[in-house]
Amino acid sequence: QVQLVESGGGWVQTGGSLTLSCAASTRILTVTNMAWSRQAPGKQREWLSSIRNGDDTYYAESVKGRFDMSRDNYRNIFYLQMNSLSPDDTAVYYCMVEERGRFYWGPGTQVTVST
């Protein structure tokens with residue numbers, strides 16, 4: 001059983017930045033896939049970014065160029081650096097890990113972007 005805990009959410013003004021962290025109870029060096037997604041009120045969950053097969057990083061078009069996903073294998077934490085935030089980015093943000101064919105999610109962290 002893998003446990004994930006997100007942190008770093010909060011309130012920020014339009015144009016601001018936040019960095020989210022996801023602390024994993026497993027060695028992230030060995031997982032198949034790590035990802036971030038979000039869910040805004042009344043909307044479906046939206047995939048944002050993934051690191052797969054080691055170092056291949058992918059981004060949704062909606063965040064490409066603004067968000068940056070990285071990892072700290074030693075501390076078993078991965079990050080989502082978010083820049084140029086707008087109210088459209090307001091959502092609950094979730095991290096996910098895929099290990100041995102199973103998917104694990106964190107409880108989420110709220111990000112609120114005000115005008």
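The paragraphs below set out a description of the structure included in this document. The numbering scheme is per chain: residues are counted from 1 as the chain's sequence reads. In view of the model being predicted, local features appear only for residues whose pLDDT reaches at least 70, and side-chain atom pairs are presented and counted only at 80 or more, with totals across whole chains, interfaces and linings using the full set of residues. Here the side-chain values reflect all heavy atoms present in the structure, with hydrogen atoms and water set aside.

1. Notes on the environment of Asn33
And step 1. Comment: elements are numbered from the N terminus, with helices defined as DSSP H or I runs of at least four residues and strands as E runs of at least two. Along the chain, Asn33 turns up in strand S4 (residues 33-39).
And step 2. The spacing of Asn33 and Asn53 is 20 residues in sequence and 6.6 Å in space, taken between C-alpha atoms.
And step 3. Residues count as neighbours in contact if any of their non-hydrogen atoms are within 4.5 Å of one another. Not counting the four nearest positions on each side in its chain, Asn33 is found in contact with Ser50, Ile51, Arg52, Met96, Val97 and Glu98.

2. Details of the sheet that holds strand S3 (residues 18-24)
And step 1. The sheet built from four strands is open, its strands ordered S1-S3-S8-S7 with antiparallel pairing. Edge positions in the open sheet fall to strand S1 (4-7) and strand S7 (67-72), since each of these has one partner strand only. In this sheet, neighbouring strand axes are inclined to one another by 15 degrees on average, regardless of whether the strands run parallel or antiparallel.
And step 2. In this sheet, S3 lies alongside S1 in antiparallel orientation, the contact comprising four bridges. Paired with Ser7 across the strands is Ser21, a residue of S3. The criterion for strand pairing is that DSSP finds at least two bridges linking the strands in question. To get an axis, fit a line to the C-alpha atoms, keeping to the stretch in contact for a helix; angles then go from 0 to 180 degrees between the N-to-C directions.

These figures capture arrangement, not role.
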